[in-house]
Amino acid sequence: MKTPTISMIGAALLVTACGDMTGPGTTSGVSLSFAAGRVGGPPSAAGGFFSMAHAADTFAVGEDELIISSVEVVLQEIELERANAETCDSVTVGHDDCEEFELGPVLLDLPLNGDVAQLVAIQIDTGTYDEIEFDIHKVSNDDAEDAAFRQAYPHMAGQSIRVEGTFNGEPFVYETDLDEEQEYDLVPPLVIDSAPAATNVTVRIDISTWFRDGSGALVDPTSANKGEVNEGLVKENIKNSIDAFEDEDEDGEDDEDADS
């Protein structure tokens, strides 16, 4: 079984919070996890998000078969935003509007075997948080800030996402330089009180939608590489494939859905 991994390049930038701590009892533990699953729905009846019996995901439509064996995503500036706050980008030093999980960049090797991979756990100030923000980050080819990351992962230079697998039996590599901030509402909001119990926020990425056209048919991932006909289609699919929610037991399911 493939073990999900998280690169912690830039670990010195890992922070507990960007706000001031005011003393014992004012913080609580929150972890951040990632899963490959269907946005807006629970796992399938087969017991996984897709065909999760193996460390790869298989999708079949008509005569086309897509097998995804590896998904690597570069993330940066992962933050929780307080309710009624302005965006995290506008926060100045000393404000308590956002809590930083990780400044990054970090490499997420997305789990494809039904597991939920925990990225990081922190202590954050009590309060209500209604949004999570992060950058899908294109690794620069020459920026000094990305130098250590490039050295560790040279195959990601100039890219933010890399996918490997087969399409109709032929191996493929899909790469994209998608580079933009993503914001996702937490519904209901995440409420952190003075209780010592920790909780978890899961970001679920629905990779089953990435390589599909408007009719739901599969498209060849190589047709979505830079300059190819489906480049824009797949970039939009990726941006629309992400959801975030409180997931206290870290099973990849929205706690609100589980309680209903």
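Residues numbered from 1 in each chain as written. Predicted model: local features only at pLDDT ≥ 70, side-chain atom pairs only at ≥ 80, totals over all residues. Heavy atoms only, no water.

(A) The overall build of the protein, seen in detail. Within the protein, the secondary structure is distributed over three helices and 13 strands. Buried positions account for 48% of the 260 residues belonging to the protein. The long-range share in the protein, meaning contacts at least 24 apart out of those at least 6 apart in sequence, stands at 76%. In the structure as shown, the protein presents an accessible area of about 11,600 Å², 48% of it carried by carbon and sulfur atoms. (Helix = DSSP H or I, 4+ residues; strand = E, 2+ residues; numbered from the N terminus. Buried < 20%, exposed > 50% of the residue type's maximum accessible area, 1.4 Å probe, protein only. Contact = heavy atoms within 4.5 Å. Areas by Shrake-Rupley, 256 points an atom, 1.4 Å probe, with all protein chains shown as cover.)

(B) Representation of the sheet that holds strand E13 (residues 242-246) within the structure. One open sheet accounts for four strands, arranged E7-E2-E12-E13; its pairing is mixed. Lying at the two open borders of the sheet, with one neighbouring strand each, are strand E7 (117-125) and E13. Each strand axis lies, on average, 20° off the axis of its neighbour in the sheet, ignoring direction. (Pairing = 2+ DSSP bridges. Axes fitted to C-alpha atoms, helices over the stretch in contact; angles between N-to-C directions.)

(C) Region of interest: the packing of aromatic side chains. Applying the stated rule across the entire model yields five aromatic pairs. Ring geometry for Tyr174 versus Phe211: centroids 5.2 Å apart, planes at 85°, classification edge-to-face. Highlighted residues: Tyr174 in strand E10 (residues 170-176) and Phe211 in the loop between strand E12 (199-205) and helix H2 (231-239), separated in sequence by 37 residues. What makes Tyr174 buried here is its relative accessible area of 0%. Its relative accessible area of 1% is what places Phe211 among the buried residues. Taken together through their ring pairs, the aromatic side chains of Phe172, Tyr174, Trp210 and Phe211 make up a single cluster. (Phe/Tyr/Trp six-rings, centres within 6.5 Å; stacked < 30°, edge-to-face > 60°.)

(D) Focus on unusual backbone geometry. Along the chain, Val187 connects to Pro188 via a cis peptide bond; the corresponding omega equals 0°. Along the polypeptide, Pro188 turns up in strand E11 (residues 180-192). A positive phi angle, near 55°, is found at Glu77, a position not held by glycine. Along the chain, the position of Glu77 falls in strand E4 (residues 64-82). When its relative accessible area of 31% is taken as the criterion, Glu77 is described as partly exposed. For Glu250, which is not a glycine, the phi torsion comes out positive at approximately 55°. Of note, Glu250 is situated in the loop between E13 and helix H3 (255-259). Taking relative accessible area as the criterion, Glu250 reaches 31% and is therefore assigned partly exposed.

(E) Inspection of H2 at higher detail. Listed in full, the buried residues belonging to H2 are Glu231, Val234, Lys235, Asn237, Ile238 and Lys239. On its buried side, H2 packs onto strand E9 (161-167), E10, E11 and E13.

(F) Region of interest: empty space enclosed by the protein. Taken as a whole and judged by the stated rule, the model has two cavities of 30 Å³ or more. Of the volumes computed, that of the largest cavity is approximately 60 Å³. Taken together, the elements giving at least two residues each to the lining of the largest cavity come down to E4 and strand E8 (127-136). Per-class residue counts for the lining of the largest cavity are eleven nonpolar, no polar and no charged. (1 Å grid on protein atoms, 1.4 Å probe; cavity = no way out; pocket = protein on both sides within 12 Å on 5 of 7 lines; lining within 4 Å. Points joined across faces, edges and corners; volume = space filled by probe spheres on them. Nonpolar A, V, L, I, M, F, W, Y, C, P; charged D, E, K, R; others polar.)

(G) Broad picture of the environment of Arg82. By the secondary structure assignment, Arg82 is in strand E4. Distance in space between the C-alpha atoms of Arg82 and Asp130 is 6.0 Å, their sequence separation being 48 residues. Looking at Arg82, its side chain comes within polar contact range of the main-chain oxygen of Thr126, at 3.0 Å. (Polar contact = N/O pair within 3.5 Å; in protein donor to acceptor, adjacent residues only side chain to side chain.)

(H) Summary view of the pairing of E8. In terms of residue burial, E8 counts as a mostly covered element, since eight of its ten residues are buried. Where E4 and E8 come together, six bridges link them in antiparallel fashion. Looking across to E8, one finds that Leu75 is bridged to Ile136. Of the strand pairs in this sheet, E8 and E11 are connected by nine bridges, and their pairing is antiparallel. Each bridged residue has a counterpart across the sheet, and for Tyr129 the counterpart in E11 is Leu190.

(I) View of the pattern of salt bridges. Under the definition given, this model contains nine salt bridges. With its nearest N and O atoms 3.9 Å apart, the salt bridge here joins Asp125 to Arg82. With Asp125 in strand E7 and Arg82 in strand E4, the pair connects residues that are 43 residues apart, well separated along the chain. The salt bridge partner of Lys239 is Glu236, with a shortest N-O separation of 2.7 Å. Placement of the pair is Lys239 and Glu236 together in helix H2, with a separation of three residues, close to one helical turn. On the accessibility criterion, Glu236 (40% relative accessible area) is partly exposed. In the salt-bridge network here, residues are joined through shared partners; they are Asp177, Lys226, Glu231 and Lys235. (Salt bridge = Lys/Arg side-chain N within 4 Å of Asp/Glu carboxyl O.)

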